[in-house]
Number of protein chains: 2
Amino acid sequence: MEQNKKELSRILAKFKGKEKALQYYLAGFADGESSFSVAIIKHPTLALGWMINPCFQVYQHEKHREILEVFKFVFNEGSIYRKSGVHPVLNYSINSMRGIREKVIPFFEKHPLIVKEETFKTFCAIVEAMERKEHLTIQGFKKVVDMAYAMNQQGKGRKHSKEEIFATLPKT
Amino acid sequence: MEQNKKELSRILAKFKGKEKALQYYLAGFADGESSFSVAIIKHPTLALGWMINPCFQVYQHEKHREILEVFKFVFNEGSIYRKSGVHPVLNYSINSMRGIREKVIPFFEKHPLIVKEETFKTFCAIVEAMERKEHLTIQGFKKVVDMAYAMNQQGKGRKHSKEEIFATLPKT
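Because the structure is a prediction, the values reported are computed rather than measured. (Residues numbered from 1 in each chain as written. Chains lettered and ligands numbered in written order. Predicted model: local features only at pLDDT ≥ 70, side-chain atom pairs only at ≥ 80, totals over all residues.)

Quick notes on the overall build of chain A
When helices and strands are counted, chain A shows seven helices and four strands. Across its three principal directions, the C-alpha atoms of chain A cover 60 × 35 × 25 Å. In chain A, which comprises 172 residues, the share counted as buried stands at 29%. In chain A, the share of contacts with a sequence separation of at least 24, taken over all contacts with a separation of at least 6, comes to 57%. (Helix = DSSP H or I, 4+ residues; strand = E, 2+ residues; numbered from the N terminus. Buried ≥ 20, exposed ≤ 12 C-beta atoms within 10 Å, placed from the backbone. Contact = placed C-beta atoms within 7 Å.)

Put into structure tokens, the structure is as follows:
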């Protein structure tokens, strides 16, 4: 813990007076090593039976925890935890709607992405639709799920297919 | 080809007036998605029988060639080619000593790395030793190979072990 703080201070000192440079560096790093994703999770007590969960994550091997500490410091939000699985990978994530709306989206609007530009646009469109509460209607929910599944490899690796999810919705 | 140029122009336009920001962005991207490596390649016509080949590379799925085009434009050096293998991955690389000395090293000295900081230091030390022609003596060659093998996972994935290489050297 003490070591993490020391390492963070060392890095911040290196970028002292160049805080903007550090922010653009982080945008570039995130463009390669992060993900913007929207999980669709079964949640029986919600009206439509599913929770929509936008999330920003950065991954790194545990031996370079320092870079995740820098993200956490600059965003002043989110948490770092070890991913389950055999690989010693750490995960920095922000998944609260407030954190995403107030920290993640403004950051990447200001410091543009190149590779993930389109994914980020879709991510923002989903968050905006959710803020307008569109996802609480069947039609809006389907629209959001469609966008979410279009983001990362067309839903590859998802637990449920779109058809499975849509089949559970109340009939209109 | 035309499409690549158009896409590159679009990205450069996005960063117009913010060229420094783009450079820091690229440093961050490279910190996640590039490698600094030093290949040791059998080369029977060289005095010690081995060639030392420092190389800077950035990888990307072919559907995001644009980011490699940005690197190539900013460094004004190097080339993009498809990696052999099943995955559709492109590789942007600079492997001439001149390119590394005049483009790669000054760039990352100016725009610091966080995750690859130590690897880059070792990479620079190797290039400097080679410029002093230290690698042309047996002792200097061994020092450079030691450093090279310490860089990326202690020589994991290398074709030859250090012991194999050292065993072929002329006896002193």
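Moving on from the model shown.
Some remarks on the relation of the copies chain B and chain A
After a rotation of 180 degrees and a shift along the axis of 0.0 Å, chain B superposes on chain A with an RMSD of 0.0 Å. Considering both components of the superposition, the chain copies are consistent with a two-fold axis. (Least-squares fit on C-alpha atoms with pLDDT ≥ 70 in both.)

Considering the nonpolar core
Counting residues in hydrophobic clusters, the biggest one holds 75 residues, and the most contacted among them are Tyr25 and Leu26 of chain A together with Tyr25 and Leu26 of chain B. When near neighbours in sequence (up to four residues on either side) are disregarded, Leu26 of chain A contacts Val70, Phe71 and Val74 of chain A together with Gly28 of chain B. (Core = buried A, V, L, I, M, F, W, Y, C linked by C-beta atoms within 7 Å.)

Some words on the interface of chain B and chain A
Between chain B and chain A, the contact holds 19 residues from the first and 19 residues from the second. Mapped by element, the contributors of at least two residues to the side of chain B that touches chain A are helix H1 (2-14), helix H2 (19-33) and helix H3 (65-75) of chain B. With ten residues, H2 of chain B is the single largest residue contributor to the side of chain B that touches chain A. Partitioning the side of chain B that touches chain A into residue classes produces twelve nonpolar, three polar and four charged. (Nonpolar A, V, L, I, M, F, W, Y, C, P; charged D, E, K, R; others polar.)

A word on the sheet that holds strand E3 (residues 79-82) of chain B
Residue and element names in this part refer to chain B. The sheet built from four strands is open, its strands ordered E1-E2-E4-E3 with antiparallel pairing. The outermost strands of the open sheet, each flanked by one partner alone, are strand E1 (34-42) and E3. Sheet twist, expressed as the mean angle between neighbouring strand axes with direction ignored, is 35 degrees. Bridge count for E1 against strand E2 (residues 50-61) is nine bridges, and the pairing is antiparallel. Bridge pairing in E2 places Ser34 opposite Val58. (Pairing = 2+ DSSP bridges. Axes fitted to C-alpha atoms, helices over the stretch in contact; angles between N-to-C directions.)

Focus on unusual backbone geometry
Of note, Asn76 of chain A is a non-glycine position whose phi angle comes to about 50 degrees, a positive value. Looking at the element boundaries, Asn76 of chain A is found in the loop between helix H3 (65-75) and strand E3 (79-82). For Asn76 of chain A, a count of 9 C-beta atoms within 10 Å puts it in the exposed group. You will see that Lys133 of chain B, though not glycine, has its phi angle at about 60 degrees, which is positive. When you line up the elements, Lys133 of chain B lands in the loop between helix H5 (117-131) and helix H6 (138-151).

Describing the pairing of strand E2 (residues 50-61) of chain A
Residue and element names in this part refer to chain A. Along E2, the buried face is formed by Trp50, Ile52, Pro54, Phe56, Val58 and Gln60; none of Met51, Asn53, Cys55, Gln57, Tyr59 and His61, which line the opposite face, is buried. For E2 and strand E4 (residues 89-94), the ladder comprises six bridges, and the chain directions are antiparallel. Each bridged residue has a counterpart across the sheet, and for His61 the counterpart in E4 is Val89.

Overview of the pairing of E3 of chain A
All names here are of chain A. Sheet topology note: the E3/E4 ladder contains four bridges and is antiparallel. Paired with Ser79 across the bridge in E4 is Ser93. Hairpin remark: E3 followed by E4, antiparallel, with six residues in the connecting loop; positive phi at Gly85, about 120 degrees.

A closer look at the sheet that holds strand E1 (residues 34-42) of chain A
Residues and elements named next belong to chain A. Reading across the sheet, the four strands line up as E1-E2-E4-E3 and stay open at both edges, with antiparallel pairing between neighbours. Edge positions in the open sheet fall to E1 and E3, since each of these has one partner strand only. Shown here is a sheet whose adjacent strand axes are inclined to one another by a mean of 35 degrees, direction ignored. In the packing of helix H2 (residues 19-33) onto the sheet, the strands contacted are E1 and E2, and the crossing angle to E2 comes to about 110 degrees. Running over the sheet, H3 touches E2, E3 and E4 and is turned about 10 degrees from E4.

Digging into the packing of helix H1 (residues 2-14) of chain A against H3 of chain A
Residue and element names in this part refer to chain A. The geometry of H1 relative to H3 is characterised by a closest axis approach of 9 Å and an angle of 70 degrees between their N-to-C directions. The orientation of H1 relative to H3 falls into the category roughly perpendicular. Across the interface between the two elements, Asn4, Glu7, Leu8 and Ile11 from H1 touch Arg65, Glu66, Glu69, Val70 and Phe73 from H3. Looking at the contact of H1 with H3, its residues break down into four nonpolar, one polar and four charged. (Parallel < 35°, antiparallel > 145°, perpendicular 65-115°, else oblique.)

Some thoughts on helix H5 (residues 117-131) of chain A
Residue and element names in this part refer to chain A. End to end, H5 covers 21 Å across 15 residues, agreeing with the expected 21 Å (1.5 Å per residue, within 8%). In this structure, the buried residues of H5 make contact with E1, E2, helix H4 (97-110) and helix H6 (138-151). Lys133 occupies a position one or two residues after H5 and carries a positive phi of about 65 degrees. (Expected span 1.5 Å × (residues − 1).)

A closer look at the environment of Val89 of chain A
All names here are of chain A. For Val89, the position within the fold is in strand E4. Exposure remark for Val89: the 13 C-beta atoms within 10 Å place this residue in the partly exposed category. On a C-alpha basis, the gap between Val89 and Gly157 in space is 19 Å, while along the polypeptide they are 68 residues apart.

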